[in-house]
Amino acid sequence: MTKKEMGISSKCVHAGIDNYEFGPVVPPIYQTSTFKFESAEHGAKLFAGKEAGYIYTRMLNPTIEAMENAVAALEGGYKALGCGSGMAAINTALTALLSAGDHVVCSKAVYGPTSTLLNTVLNRFNIETTFVNASDIKQVQEAMKPNTKVVYIETPGNPTLEIADLEEVSKIAHKGGAKVVVDNTFMSPILQRPIELGVDVVVHSMTKFLNGHADVVAGIIIVKDDESYLSMRKVLNQLGGVIDPFNSFLVHRGLKTLALRMERHSESAMKVAEFLENHPKVDWVRFPGLKSHPQYEIGIKQHSAPGGMISFELKGGYEAGEKLMNSVELCALAVSLGGVETLIQHPASMTHASMGKEARESASITDGLVRLSVGIEDVDDIIKDIEDALKTV
Ligand SMILES: Cc1ncc(COP(=O)(O)O)c(C=O)c1O
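Residues numbered from 1 in each chain as written. Predicted model: local features only at pLDDT ≥ 70, side-chain atom pairs only at ≥ 80, totals over all residues. Heavy atoms only, no water.

### Quick notes on the overall build of the protein
Part 1 of the argument: Counting its regular elements, the protein contains 15 helices and twelve strands.
Part 2 of the argument: With respect to the principal axes defined by its C-alpha atoms, the protein has extents near 75 × 50 × 35 Å.
Part 3 of the argument: Across the 393 residues that make up the protein, the buried fraction comes to 54%.
Part 4 of the argument: Long-range contacts, defined as pairs at least 24 residues apart, comprise 72% of the intrachain contacts of the protein with a sequence gap of at least 6.
Part 5 of the argument: For the protein, the accessible surface area stands at approximately 16900 Å², while carbon and sulfur atoms represent 53% of it. (Helix = DSSP H or I, 4+ residues; strand = E, 2+ residues; numbered from the N terminus. Buried < 20%, exposed > 50% of the residue type's maximum accessible area, 1.4 Å probe, protein only. Contact = heavy atoms within 4.5 Å. Areas by Shrake-Rupley, 256 points an atom, 1.4 Å probe, with all protein chains shown as cover.)

The following block contains the structure:
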């Protein structure tokens, strides 16, 4: 069986693993910044691209490349580029695809710093962005302009979990000559594979589910063809936001349990979401697995399971949310997501504070919204912890 033919759980374990000297079953950590050339001629050939090999770790490193190949295989992409953080991946991808005078269509429900990057950094280079509710395909269509070069989507969106139909978005973008970039952090390639739906570029904060153990900050870009790979690699090399070998090793180790973890995150989150939906102190719950989710049908088509992220609003708004967050014991009050531990946070004052109130309101990020990243603890313990904390509200 070739690695291409393997199922997704087998790919998690085996993708990116090669035959190494001495036969280790995991890739060795090449903790080196640079590589010796055999001769001056050899060095010149490597720099000229006439021979494959390693030159300098910012340009490529075997430990990093092994992890990149694993993620590319999971996403069904051609190749991947490891970055020092999710934001480095997003910035590199956008910088590679955009020039002054270009226009971006971006979903409103994106990670706060992504919208801040577009609004306060890339706008200084004459790149204009129109933010839309990407779950409403008409808004994507209407926002397209002759100079739209990128349609940037996060789905399910952060933190409101609205779902965009990636097949439909890709059709509209391609018709207008734009590329589609998708942040797949919330679902991981186990639950959603955007490239199979027509998307051109996938980005991840690997800090989250891909690594899964809350001990690494890292990102990645996955592309479909050699031309995009070479142009992205060039930009990454110049911007310099690369991942290091040790973090690559840790992420690659995390990938081995990704399928197992996503299954457990999804199963537990479903139970927690049902519990919250039936609780008298909860106003509403957003979770892709609940029939009450406005884009439930798109989720069913696009995801193989609902994932581990839940957003909910308590009756009593911000004050009630604050009380809940101060009362939980097993759930950690912390930003980030996708780790084995359950995390709870308040987007308006934390992850999405940088967007400003007006942009938050327009993206339906209410002051009382609480975001939960459901971990892999015993689900009864997670529910009991929230149940007890809700008694104080
Ligand atoms: C959906 C999403 N994309 C991107 C990022 C940025 O990733 P990083 O913190 O690794 O730079 C985050 C971080 O929370 C995120 O949640």
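### Details of the environment of Tyr30
Part 1 of the argument: As for its position among the elements, Tyr30 is in the loop between helix H1 (8-14) and helix H2 (40-47).
Part 2 of the argument: Residue Tyr30 is classed as partly exposed on the basis of its relative accessible area, which comes to 34%.
Part 3 of the argument: Here the alpha-carbon distance between Tyr30 and Asn211, two residues 181 residues apart in the chain, equals 19 Å.
Part 4 of the argument: Non-local contacts of Tyr30, meaning those with residues more than four positions away in its chain, are made with Asn61, Pro62, Thr63 and Pro245.

### Remarks on the pairing of strand E6 (residues 201-205)
Part 1 of the argument: Of all five residues in E6, five are buried, a share of seventy percent or more.
Part 2 of the argument: A two-sided burial pattern is seen for E6, the buried positions comprising Val201, Val203 and Ser205 on one face and Val202 and His204 on the other.
Part 3 of the argument: By the bridge criterion, three bridges tie strand E5 (residues 179-183) to E6 in an arrangement that is parallel. For Val181, the partnering residue across the bridge sits in E6 and is Val201. (Pairing = 2+ DSSP bridges.)

### With respect to the packing of helix H11 (residues 258-277) against helix H15 (residues 379-391)
Part 1 of the argument: It is the contact of H11 with H15, at a shortest axis distance of 10 Å, that shows an interaxial angle of 25°. The orientation of H11 with respect to H15, classified from their angle, is roughly parallel. Here H11 runs over H15; the crossing is right-handed. Two secondary-structure elements touch here, H11 through Ser268, Lys271, Val272, Phe275 and Leu276 and H15 through Val379, Ile382, Ile383, Ile386, Glu387 and Leu390. (Axes fitted to C-alpha atoms, helices over the stretch in contact; angles between N-to-C directions. Parallel < 35°, antiparallel > 145°, perpendicular 65-115°, else oblique. Left-handed = near helix turned anticlockwise from the far one by under 90°.)

### Some points on the sheet that holds strand E1 (residues 79-83)
Whenever strands of a sheet pair, they do so through backbone hydrogen bonds, lying parallel or antiparallel.
Part 1 of the argument: Reading across the sheet, the seven strands line up as E1-E7-E6-E5-E4-E2-E3 and stay open at both edges, with mixed pairing between neighbours. Every interior strand has two partners, whereas the edge strands, E1 and strand E3 (128-132), have only one. Going from strand to strand, the sheet's axes swing by 20° on average, the running direction of each strand aside.
Part 2 of the argument: Helix-sheet contacts for helix H5 (residues 112-121) involve strand E2 (103-107), E3 and strand E4 (148-154), and the interaxial angle to E3 is about 145°.

### Some thoughts on the site of the ligand
Part 1 of the argument: Gly86, Asp183, Ser205, Thr207 and Lys208 are the nearest of the 15 residues found near the ligand.
Part 2 of the argument: Protein burial of the ligand: of its 380 Å² of free accessible surface, 91% is covered by the chains.
Part 3 of the argument: The dominant element in the shell around the ligand, judged by the number of residues it contributes, is helix H4 (residues 86-97), at three residues.
Part 4 of the argument: Looking at the shell around the ligand, its residues break down into six nonpolar, six polar and three charged. (Near = heavy atom within 4 Å. Nonpolar A, V, L, I, M, F, W, Y, C, P; charged D, E, K, R; others polar.)

### Quick notes on the sheet that holds strand E8 (residues 282-286)
Part 1 of the argument: A sheet is described by the order of its strands in space; here five strands give the open sequence E8-E9-E12-E11-E10, paired in mixed fashion. Two strands bound the open sheet, and with one partner strand each, they are E8 and strand E10 (332-333).
Part 2 of the argument: In the sheet, strand E9 (residues 309-314) pairs with strand E12 (residues 369-373) via five bridges, with the strands oriented antiparallel. Residue pairing for E12: Phe312 is matched across the bridge by Val370.
Part 3 of the argument: Contacts from H11 reach E8, E9 and E12, with the element oriented near 10° to E9.
Part 4 of the argument: Lying over the sheet, helix H13 (residues 317-327) contacts E9, E10, strand E11 (343-345) and E12, oriented at roughly 125° with respect to E9.

### Description of the pairing of E12
Part 1 of the argument: Burial analysis of E12 places five of its five residues in the buried class, which makes it a mostly covered element.
Part 2 of the argument: Of the pairings in the sheet, the one linking E11 to E12 comprises three bridges and is antiparallel in character. Looking across to E12, one finds that Ile344 is bridged to Leu372.

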